[in-house]
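Fold and contact review
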Amino acid sequence: MTETGSRQLVAGRIRRWLHVLREDLCTLRVDPLPPSVWLRWLPHGLLCLVALGVSIGAVAQLGDNGGVGSSLAFAIGIAQGAAVVFAMWRPVPAWWLSTTAMVVGALEVRRHLLAGGAHEFTWPWSSAGLIGQLAVLLLLALRVPARVAVEALAITLLLTYLIEGVLGAADFQPTGVLAVILFTVVVVLGSALRGRREASRALVEQTTLTAEERARRTLLEERSRIARELHDVVAHHMSVISIQAQVAPHLVENPSAELRENLDGIRQNALEALTELRRVLGVLRAEHPGAPEQSADPATGTAPHAPQPTLDRLDALVENTRAAGLTVEVDVRGARRPLPSGVDLSAYRIVQEALSNVLRHAPGATATVALVHYVHGVDVRVVNSRPTRSVPPSPGAGHGLLGMRERAAMLGGTLRAGPRPDGGYEVAAYLPTAPPGAPDQVTDSKDGTA
């Protein structure tokens, strides 16, 4: 290797090293810590530290300054510390344990105060006992209804008054008034926090129920709209059957009486079914069945009994969408065969709803409508590119997809919708026109052969 090649190799390595160094250190990327399970137990650990401090402080204060025997002082201190820990799971029994320990310790210290063995002792609540009772009352107020917390506070204040105000003692530093103030503040604070937490939980539950109810109502409304459209289709076919049954005898020379009778029965049954369908249609069309039906739709100006759209009107739909400012391309493959009315209507509605979603939720994007006609079905695909502008979230987002899925499922087809890797969105549906299991073939768009 020449000297020039060696220098170029070294220079290349230095450049790569500098590039790696810049990538690693000259960055503002976010690298958060993984969630730690220890944070969930942090309050428990702090309460355990408080309980340990209460136990040690109570034993030292009662034994050294209160004149209480070491065995009894140890028992009272352990009880007051254990009450703090116990309150994390059983707040009411923990409160009874802490209060009982306070009463026993106060009565024992009172005996020494009257005998002159505990000079200037903080009574009836020792410093450690006061801190332990505050922690217990706070946990109690956070866990139980406000009524229970107030009852526990009232009993605590009553016992404090009876011991200090009624029994009394001599040569002590009173802590009753301070205890009353601190206990009341703690209970009020805990009850307020619990009420706020319950209100937040109720709001979340109500929001969830509202969203579920809205989705259910939207589903029912969409199914009702689909039912109205399909009832129109069925009513049209029943009318055709009635007319054909009426005309058929005139197409046969000297029809027999049995033929006339059968055709009359077919026509009569078709007319009765058509009458019932019209009654159902009247209920489905009217938002309020008892109200008179309007002659035209005030939003579109079309008559309420206008023919249902089909793929024959796809060009008009695309032109209207382009007039709204959306660039749309259409790609139709396969020979256009007559489709069942439900399939034709549903395919048109899926394209219509997908283009409406692009207009609402993807401003500045372009859309492509692709139709592939098979022997036993039709494939509908609407794809849009990444939007060029942001759009605020819509509260009704997803309802149009719900209707499209209902239509596809009703016909035994499939529908999938979701974002694309390039930032766009795709809606793809397959609507069968033949029983499942029949082979699908794409037909040539020129000669119609498979």
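Heads up: these notes are all about the structure in this document. Just so we're clear, the structure is a prediction, and the values are computed from it rather than from any experiment.

**Some points on empty space enclosed by the protein**
- Counted by the stated rule, this structure contains one cavity of 30 Å³ or more.
- The space that makes up the largest cavity amounts to roughly 90 Å³.
- Lining the largest cavity, in full, are Leu62, Ile76, Gln80, Ala101, Met102, Gly105, Ala106, Phe121, Pro124, Trp125, Ser126 and Gly129.
- Elements represented by at least two residues in the lining of the largest cavity include exactly helix H3 (70–86) and helix H4 (91–115).
- Of the residues contributing to the lining of the largest cavity, the split by class is eight nonpolar, four polar and no charged.

**So, the pattern of salt bridges**
- In the structure shown here, the tally under the stated rule is twelve salt bridges.
- With a closest N to O distance of 2.5 Å, Arg111 and Glu108 form a salt bridge. Placement of both Arg111 and Glu108 in helix H4 is noted, with a separation of three residues, approximately one turn of the helix.
- What makes Glu108 buried here is its relative accessible area of 18%.
- A salt bridge links Asp422 to Arg420, with the nearest nitrogen and oxygen atoms 3.7 Å apart.
- Overall, Asp422 belongs to the partly exposed group, its relative accessible area being 42%.

**Quick notes on the packing of H3 against H4**
- At their nearest, the axes of H3 and H4 sit 8 Å apart, and the two run at 155° to each other. Looking at the two axes, H3 sits roughly antiparallel to H4. Of the two possible hands of crossing, H3 and H4 adopt the one that is left-handed. For the pair H3 and H4, the contacting residues are Leu72, Ile76, Ala79, Gln80, Ala83 and Phe86 in the first and Pro91, Pro93, Ala94, Leu97, Ser98, Ala101, Met102, Val104, Gly105 and Glu108 in the second.
- In the contact of H3 with H4, the residues fall into twelve nonpolar, three polar and one charged.

About the thresholds
Residues numbered from 1 in each chain as written. Predicted model: local features only at pLDDT ≥ 70, side-chain atom pairs only at ≥ 80, totals over all residues. Heavy atoms only, no water. 1 Å grid on protein atoms, 1.4 Å probe; cavity = no way out; pocket = protein on both sides within 12 Å on 5 of 7 lines; lining within 4 Å. Points joined across faces, edges and corners; volume = space filled by probe spheres on them. Helix = DSSP H or I, 4+ residues; strand = E, 2+ residues; numbered from the N terminus. Nonpolar A, V, L, I, M, F, W, Y, C, P; charged D, E, K, R; others polar. Salt bridge = Lys/Arg side-chain N within 4 Å of Asp/Glu carboxyl O. Buried < 20%, exposed > 50% of the residue type's maximum accessible area, 1.4 Å probe, protein only. Axes fitted to C-alpha atoms, helices over the stretch in contact; angles between N-to-C directions. Parallel < 35°, antiparallel > 145°, perpendicular 65-115°, else oblique. Left-handed = near helix turned anticlockwise from the far one by under 90°. Contact = heavy atoms within 4.5 Å.

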